[in-house]
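Residue-level structure breakdown
Okay, here's what each chain looks like letter by letter:
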Amino acid sequence: MPDVAEILIPLALDTAYSYVVPEGLRLDAGDVVQVPLGPRETVGVVWGLAHTAGGSNLRPVTGRVDAPPLSEPLRKLVDWIARYTLAPKGSALAMVLRLPDEAAARETARVGVRVSGKAPARATPARRKVLEAAADGALHGKSALAKAAGVSLSVVDGLIDDGALEAVAVEPEAVAPPPDPDHPRVPLSDAQEAAAIELIAGPARTLLPAAVPNLAAPDAGPLSPTGEGERRGSGESLAHAEASLPGPVLLEGVTGSGKTEVYFEAVAHCVRGGRQALILMPEIALTAQFLDRFAARFGVRPAAWHSGVGGRRRERLRAAVAAGEARVVVGARSALFLPFRHLGLIVVDEEHESAYKQEDGVHYHARDMAVVRGRLEGCPVVLASATPSIESRVNAERGRYRHVRLPERFGGRRLPDIRAIDMRLDGPERGRFLSPPLINAIKANLAAGEQSLLFLNRRGYAPLTLCRACGHRYRCRNCSTWLVEHRFRKALVCHQCGYAEPRPQACTECGTFDNLTACGPGVERIAEEVAELFPDRRIIVLSSDFPGGAERLRMELEAVAAGECDIVVGTQLVAKGHNFPHLTLVGVLDADIGLTSGDPRAAERTFQLLQQVTGRAGRGERPGRALVQTYQPTHPVIAALLSGDAERFYAEEVAAREAAGLPPFGRLAALIVSAAEREAAEAQGQALARVAEPPAGAMVLGPAEAPLALVRGRYRFRLLVKTERNVDLQSYLRDWLARAPKPRGSVRVAVDVDPQSF
Ligand code: ADP
Ligand code: ZN
């Protein structure tokens, strides 16, 4: 009887395909293999193996690929993500596999070649081509070199044998020396010590083998990343389940409380125990300061994983993670899918960040999937934030997560004193954006030799450009958005799709010259105003779209931290995570941005952002303060910010969500229907609505034009599904989509479970 292997292929396919295992090949679940697919060969992963009578008509597996096999928890994570997000299983696998092409895979052998200077014994045209391609003297991958020269790999091998090329071990820097958990460190404060013990003691007693629930159980109940559904389904009491699961911990501490040092202790504990730790960060490009802090604690920098790590380096790091050599990885959300050998801890820093949600391809939330992976690996998960998401707060309050708190700043430092500037009374001059009280505060701060930060969450110079003669407003041709003027780039730019056109001299509608006007401010415009007000001061403008990329940004951030500038003007880029010891004044230019949108998460998001940015002030020796320009000083979000009463804000927001049945008290999903023609998108939306048939406890709203009705030339309609918490949302969505007519032509239907804006 032949062995049949179920191979999952990392393409948008929902099921694994069957192949026969050829005589003599021993396969295990999780092995990465090569298989024929139609006329070509592709890579897949063994998802199951069976001993069957049939299978003679099946094509054989070609062979094993030299790549780390996928562990069982990682395969279960793929299954889980596919079930939860409704993405095809193969698409979820693609996130884990991210296999480079075959050539790059071979380079993981960790050798490179370069010219030795010795002439080859024989000089054929093919050999000459290789030597020309390698003439720069740099280290090349063998197959990359063969490819560049357009010859076969054996030619390169021949030159190595001849001595004309020398093979060198490639820089082993990806596998740095392991972090030393006992590296000399600053002593923790009593509060930090207590929090660290709480963090570590909890997980340590819960590492039981029974920690991995059987997710495939048919009675598993509604899927939820917190796992309550499964517990309910398996009949366990909540109290019992809590004790046997290494449940997540919410580490909540005000800005500057020293959370990082606290979770570093959990990392140290994990490393001492011989396991690997993963620290997820929302914006990896900005973590140079963080990597240095890590090095100060552990003696070496951790391995960093992000989109900037390319090619061979990426593969080497992946291999090091799989081999268990990379002990601590710091990474952006995709690091969650690395093939850790012994994962012992996941930290999700700034867990409230919306950057953790991926909104194309597989729509997943990295924080939630981190909780799932932690459960599958049987390892603790620490969610850290000064301003946790409503979801995590509720989970902590209801005992689904443990709650560890640091209510005070490290070293007895005070939280900044926050005041509002009522723009209705104290507004700026016409065409200006800095109010007199804010200007005075900056002056006083400059006189005291201290640093100020002006925050406006808007890139570019002006969010809208219009012609004073004809009233024409400049709009993106692919999206339903206004074009944003970027004076630096001398262009009008769409922030949605990146479309850009030069700022015209004459109006493109009426032809009038020099009559375009910029409406409203962006950071560039604020910087201009600040430069006029304080001409001889050192001003740094920080925005993600500035030239120079991550490297320049890193240097500018260092300059700010070192006190080498007087005034910083920045977008949300500077709002989060940074430690600027000289900064004592934060001015928020427009606290009301974001409060006016119809999105029910607007209040939460604005509150988090304003708490974060005002929390940059006074982290050093001197106390800080913040001035917040607003037209609505009595708005609950602003009022909570001013009073420093985060508890009250959370309590009100939680109550409002509960009353409206919004997450986390109800479940929510969006279907986004898009098409090149508006009518086609709308028609598909209506066809879906006609067969919606929501079960008890569920309702379907729409189709309505999506908040962004046109993006990249595609029209978008949206249906919202709102259900009670105990409804099996995923099963319902599957049944519904199966009933609906298949999308045709350019029509696409995307599912977004737990949409972030709705
Ligand atoms: P959070 O992440 O909670 O905002 P951080 O971890 O960045 O806070 O700590 C705030 C500041 O306090 C940083 O400058 C950090 O270096 C300092 N700090 C934290 N813990 C200690 C400690 N135990 N000893 C000395 N400095 C500390
Ligand atoms: Zn656009």
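Residues numbered from 1 in each chain as written. Chains lettered and ligands numbered in written order. Predicted model: local features only at pLDDT ≥ 70, side-chain atom pairs only at ≥ 80, totals over all residues.

What counts here: UniProt positions are given in the numbering used here, feature names are shortened, and annotations may be inferred rather than shown by experiment.
The protein chain has the name Replication restart protein PriA in an unreviewed UniProt entry, where Methylobacterium radiodurans is given as its organism. In its Subunit (unreviewed entry) section, the UniProt record describing the protein chain reads: "Component of the replication restart primosome." UniProt's Sequence similarities (unreviewed entry) comment on the protein chain is quoted here verbatim: "Belongs to the helicase family. PriA subfamily."

**With respect to the site of ligand 1**
We count it as follows: Throughout this description, a residue near a molecule or strand is one whose C-beta atom, derived from the backbone, lies within 6 Å of it. Put simply, DSSP marks the helices as runs of H or I at least four residues long and the strands as runs of E at least two long, and each gets a number from the N terminus on. Under the grouping applied here, Gly and all other residues not named as nonpolar or charged are polar, the nonpolar ones being Ala, Val, Leu, Ile, Met, Phe, Trp, Tyr, Cys and Pro and the charged ones Asp, Glu, Lys and Arg.
Ligand 1 sits among 16 residues. The nearest are Val186, Gly258, Lys259, Thr260 and Phe410. Counting residues per element, the shell around ligand 1 draws most heavily on helix H10 (residues 259–272), at three residues. Its residues placed into classes, the shell around ligand 1 shows four nonpolar, nine polar and three charged.

**Some thoughts on the sheet that holds strand E27 (residues 698–711)**
Hydrogen bonds between backbone atoms are what pair the strands of a sheet, whose relative direction is either parallel or antiparallel. Under the convention used in this document: A pair of strands is considered paired only if DSSP assigns at least 2 bridges between the two. To get an axis, fit a line to the C-alpha atoms, keeping to the stretch in contact for a helix; angles then go from 0 to 180 degrees between the N-to-C directions.
Read from one edge to the other, the open sheet built from four strands follows the order E27-E28-E26-E29, with strand pairing classed as antiparallel. Edge positions in the open sheet fall to E27 and strand E29 (748–753), since each of these has one partner strand only. On average, each strand axis in the sheet is inclined to that of its neighbour by 20°, with strand direction left out of account. Here eight bridges tie E27 to strand E28 (residues 714–724), and the two strands are oriented antiparallel to one another. Among the inter-strand pairings, Ala704 is bridged to a residue of E28, identified as Arg718.

**Concerning the confidence of the model for the protein chain**
One rule of thumb: low pLDDT means the predicted coordinates there are not for detailed reading. Condition: The predictor reports its confidence for every residue as pLDDT, a score running from 0 up to 100. Here, residues touch in the contact sense if the C-beta positions derived from the backbone fall within 7 Å of one another.
For the protein chain, mean pLDDT is 86; residues scoring 70 or higher make up 90% of the total. Note that pLDDT drops below 50 for residues 100–110; the model gives that stretch 25 contacts with residues more than four away or on any other chain. Listed scores for the predicted complex are pTM 0.83 and ipTM 0.97.

**Points about the environment of Gly399**
Residue position: Gly399 is located in the loop between helix H14 (390–397) and strand E14 (402–406). Taking the C-alpha atoms as reference, Gly399 lies 9.9 Å from Gly247; in sequence the two are 152 residues apart.

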